[in-house]
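# Results of the structural survey
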Amino acid sequence: MPLSSPLETIPIKRTPFQNFWRIFTQNRMGLVGLVALIAIILVAVFASALAPYDPYSSAGINSSDIYQPPSPEHPFGTDDAGKDELSLFVYGARVSLVVGFFASFISLAIGGSIGISAGFFGGRTETVLMRFNDIMLVIPDLALMVVIIALTKPSLWNIILVIGLLGWTFTSRIVRSQTLAVKSKKYVLRARAIGAGNRHIIYNHILPLVLPLLLVNAVLVISAAILNESALSFLGLGDPTLISWGQMLNYAFARGAMSAGAWWALVVPGFGIVWVVLALTLLGQGLEQVFNPRTESHHLVETKREERPVPAVLPGPASSAPQPLLTVTNLSIEYTLSGGSRALAVDHVSFTLQKGEMLGLVGESGCGKTTLMLGLLRLLPAAGKVVSGEVDFDGHDLIALSEEELRDVRWKGIAIIFQGAMNALNPVRTVGDQLVEAIRQHDPGKPTAALEARVSELLDLVGISAERKGDYPHQYSGGMRQRAMIAMALACDPQIVIADEPTTALDVMIQAQILELLSSLREKLGLSIILVTHDLGVVAEMCDSVLVMYGGVMAEYAPVDRVYNAPQHPYTRELLKAFPDLADPGKKLSSIPGYPPRLDDLPAGCRFAPRCSVALERCSRDLPGITDLGEEHIVRCHLVEPQ
Amino acid sequence: MSEPLLEVVSLKKSFSAEKPSLFFGGRERLVRAIDGIDFTLERGEVLALVGESGCGKSTLALTLMGLEKPTAGSIRFDGQEVTQLKPAALKDYRRHIQMVFQDPYEALNPTQSIEEIVAEPLLVHGLARNKHERRMLVLRALEDSGLKPAEIYLDRYPHQLSGGQRQRVVIAGALVLEPRLLLADEPVSMLDVSIRAEIINLLAELRQSRQISVVFITHDLGTVGYFADRIAVMYLGRIVEIGSTQEVLTGAQHPYTRALLSVIPVPNPRLRRQRIVLQGETPNPIDIPSGCRFHPRCPVAVEACRVTDPPFIEVTPRHRAACLLAKVK
């Protein structure tokens, strides 16, 4: 996600619990579940105070009290023995909840230990434990419980034990896969490198990351245990001396509540079971939200489609070159942040691209490079919006085009290779098939023979033997997958290719191969290329012109030789000084103190001012305008402004 | 000259890619990740291990840490053989040799505070007498890693820090044990350009102030010139060239080193040079080519390269290259 980087590092000082509570309370359902659960627990705890009668005593009950409908004396009616349903319900909550919590505690302890042991130790331990788990999983729990309870005395603790001992199979599987995921993390390796033993690693690194999952899972296990207790009681295998919701159902069924028309005898205990299960399910959803960050609502929210006053237009670059292929004028892109505030992620950026030109777009992560490229093609995420500016491509303003017309420009006119795209190939379809699909998108009528020829031609163009078009992506190396993605971008003969960090994460030699390929494609096809990168060396070797961005603002835009040999913006100069240069290894590497600005906290004046060593007083007050130094050299800095 | 801090002799490590089946037989196939490596590291020296993915540099790091057991060969640290150490002695050994990882986003446990992370090694080794002493050591390590004032970081969590700050925390977690050797595995490749220089400068400072030896593992020859005393270039599980930084950067003898050097982008558009872009990719370490392992991709290979596995040729007393065509100066 191009958006996450500037926002990730927001330093908020909160304890883990405050964090937990903040996210948890965002989810209404979780909160409702928690309240409902606490309510029923309070009912169980204060049963003796809440119940109008003592359900364990039959004193004062007459035969006329049997199956009485709800009345002022008995708001929930009475059962087959003339006992008050409300009192039974309140006392029944005790047994049902005790069984639920204790049994699930046993299940979670067993499931957690087996899951962690299997996942952490692997090898033979894992094989033995997981096969045992599989066997337990295929045995129908309830049937086994019935057999065991029937053979032993059906007391409360026996029931808890049996339900607990049989209810861990799903937990252990989930815990095992989570353990496997955590085990492969680098911080576990780091702990080993420190010299830590297994016990230390399990307690300090595995357990804290498995516990949240166990907690979410606990909710399901508790509901299952309560349901199982009810089922056992209903089958007549509960402890006959205790009142539970299951026992209430059992007696109602066995003693003719249905034929007597005493619906309340069934509804009341049923209501209790549904209440607890529902409360736990809602609570589980709330916990899930907290512990599984992927379900947390995104930091950014959708921009409302309202018109905003367009910021004043700044003078654009005056170019004497022939009519360019692409002219971007004063493009500004805004993000709506969570909380409703807005931030200009791209602020008045202008540049041109000639046919056959290679433009380097340089800047650190979070500087708005990717946002700018997505904005050109109006592919911004929902929170982003182009608020002003023009993108003129081949005589059309891409910002003004309808979505339909724009679709035709995407890929056919301007193709984009996303960052990390080489990992986005579909693993279950051959590379050839995926190329065919790309061509068909824009040329549905193309005959099959011509398609095949085109696929071979495209692969040949990027240096992959046509014989390998039937291979699946996993049979390709990283470098070849990147070549395949370039072939995909070329599928519809675009005039411009945008390559977003095309060599990041590739080995040096493969990087060189890919750059060589892009150069040769530019020559062969007359392609214009926008190379988005943070590698100043690559830009120097490949590009004709450079656009340096900082904090969403174009700091400097000039022909490549000017940027490297006569940089005017302090940021460009600092960046060049920080970049290692093998041709001049005596030079001391300098670093830029501080960090790039965050999108939600942009400085008032020049965005580089807080880190700039030559900043003036007004730099932190006013955002500098654009200064055209001539010879196509544009700088946005107070220091180069004419006095 | 005193004894070197680290001495690695004929080190090999192979993994089984395919075991013979119990029923169908077949041959065991071995991945020879490290295939005979020799080098020494002096006290306070910085050695850069350069190579592409699949060259065995990460396996070498894990083997040096004692996290992987070598298949053959020896590792002597401070004169003591460490490949055969018992668990208790191995734990003690790990105090002296610490690692800095490539990805500072992954190397920190998100549920631990910075203080817990940096204090963890002290707890594991029982190195602080009490809470107060532990905190003092943590603060010192954080400060030495450039996180100042250190107090404000103690209660923070990894997600509240930037990439550069996290990498400093990783370094502090290593420093707190006062190691004598730091293994830095691509410590800057995930960081932004403006922050890379900071981390490299920090490592260079630490080596100065604490006399720590550093093995700096990287695929980027561009950064090593600033920091390393010597460079070892690895290809397919072997060192193919090793020498002082100056000699390797300016007088590389092995064609692989020369190719690597030629493709480093130079940030000066007036210096666009002829690049030696090798075709194809590093072969699979299961099927290592005959003769010189580099010959199928070598732009200058001769007939003999296909049959003869080249021995090291001493170019100068401090510079060796495993190439039949290497010239002695």
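Rules of the game
Residues numbered from 1 in each chain as written. Chains lettered and ligands numbered in written order. Predicted model: local features only at pLDDT ≥ 70, side-chain atom pairs only at ≥ 80, totals over all residues. Helix = DSSP H or I, 4+ residues; strand = E, 2+ residues; numbered from the N terminus. Rg over C-alpha atoms; globule rule 2.2 N^0.38 Å. Buried ≥ 20, exposed ≤ 12 C-beta atoms within 10 Å, placed from the backbone. Contact = placed C-beta atoms within 7 Å. Domains from an automatic or database assignment. Nonpolar A, V, L, I, M, F, W, Y, C, P; charged D, E, K, R; others polar. Axes fitted to C-alpha atoms, helices over the stretch in contact; angles between N-to-C directions. Parallel < 35°, antiparallel > 145°, perpendicular 65-115°, else oblique. Left-handed = near helix turned anticlockwise from the far one by under 90°. Pairing = 2+ DSSP bridges. Right-handed = clockwise from strand over helix to strand, strands pointing away.

Looking only at helices and strands, chain A has 22 helices and 12 strands in total. At 34 Å, chain A has a C-alpha radius of gyration far larger than the 26 Å of a compact globule built from 643 residues. If you line up chain A on its principal axes, its C-alpha atoms span 105 × 60 × 60 Å. Here chain A holds 643 residues, and the buried ones make up 46% of them. For chain A, long-range pairs separated by at least 24 residues make up 68% of all intrachain contacts whose partners lie at least 6 apart in sequence.

A separate point is the domain arrangement of chain A. Along its sequence, chain A is carved into domain 1 (38–54 + 68–295) and domain 2 (424–491). Here the C-alpha centroids of domain 1 of chain A and domain 2 of chain A sit 53 Å apart.

Our next topic: the interface of chain A and chain B. Contacts between the two partners involve 51 residues from chain A, matched on the other side by 54 residues from chain B. Listing elements by their share of the side of chain A that touches chain B, those giving two or more residues are helix H10 (186–194), helix H11 (198–234), helix H19 (508–525), helix H20 (536–542), helix H21 (560–565) and helix H22 (570–578) of chain A. Per-class residue counts for the side of chain A that touches chain B are 28 nonpolar, 12 polar and 11 charged.

Another aspect to go through is the packing of helix H5 (residues 85–121) of chain A against helix H8 (residues 156–166) of chain A. Residue and element names in this part refer to chain A. Put simply, H5 and H8 touch, their axes get as near as 7 Å, and they point 40° apart. Considering the angle they form, H5 stands oblique to H8. The way H5 lies across H8 gives a crossing that is right-handed. For the pair H5 and H8, the contacting residues are Val95, Val99, Phe102, Ala103, Ile106 and Ser107 in the first and Leu156, Ile159, Ile160, Ile163, Gly164 and Leu165 in the second. Among the residues making up the contact of H5 with H8, the classes are represented as 10 nonpolar, two polar and no charged.

A word on the sheet that holds strand S9 (residues 230–235) of chain B. Residues and elements named next belong to chain B. If you trace the eight strands from one edge of the open sheet to the other, you get S6-S7-S8-S3-S9-S10-S12-S11, paired in mixed fashion. The sheet terminates laterally at strand S6 (97–100) and strand S11 (313–316), the two strands that pair on one side only. On average, adjacent strands in this sheet sit at an angle of 20° to one another, irrespective of strand direction. Pairing of S6 with strand S7 (residues 181–185), which is carried by four bridges, proceeds in the parallel orientation. Following the sheet pairing, isoleucine 97 is matched in S7 by leucine 181. Running over the sheet, helix H5 (residues 163–175) touches S6 and S7 and is turned about 175° from S6. Each of S9 and strand S10 (238–244) touches helix H9 (residues 255–262); the most contacted strand, S9, lies at about 105° to it.

This paragraph deals with the pairing of S7 of chain B. Residue and element names in this part refer to chain B. For S7, the buried fraction is high: five of the five residues fall into the buried class. Alternating residues of S7 divide into Leu181, Leu183 and Asp185 and Leu182 and Ala184, and every residue in both groups is buried. The pairing of S7 with strand S8 (residues 213–218) spans five bridges and is classified as parallel. What sits directly across from alanine 184, in S8, is phenylalanine 216. What joins S7 to S8 is helix H6 (residues 193–210), and the crossover it makes is right-handed.

In the segment running from lysine 148 of chain B into proline 149 of chain B, the intervening peptide bond is cis, with an omega of -10°. The residue proline 149 of chain B is located in the loop between helix H4 (131–144) and H5 in this model. Although it is not a glycine, glutamate 632 of chain A sits at a positive phi angle of roughly 60°. Summarising the element assignment, glutamate 632 of chain A is placed in the loop between strand S11 (627–628) and strand S12 (634–635). Even without being a glycine, glutamate 186 of chain B presents a positive backbone phi close to 50°.

Residue and element names in this part refer to chain A. Running from amino to carboxyl end, H5 crosses helix H9 (residues 169–183) at an angle of 40°, the nearest separation of the two axes being 7 Å. For the crossing formed where H5 meets H9, the hand is right-handed. Packed against H5, whose contacting residues are Ser107, Leu108, Gly111, Gly112, Ile114, Gly115, Ile116, Ala118, Gly119 and Phe120, the element H9 presents Thr171, Ser172, Arg173, Ile174, Val175, Arg176, Thr179, Leu180 and Lys183 at the interface. Among the residues making up the contact of H5 with H9, the classes are represented as eight nonpolar, eight polar and three charged.

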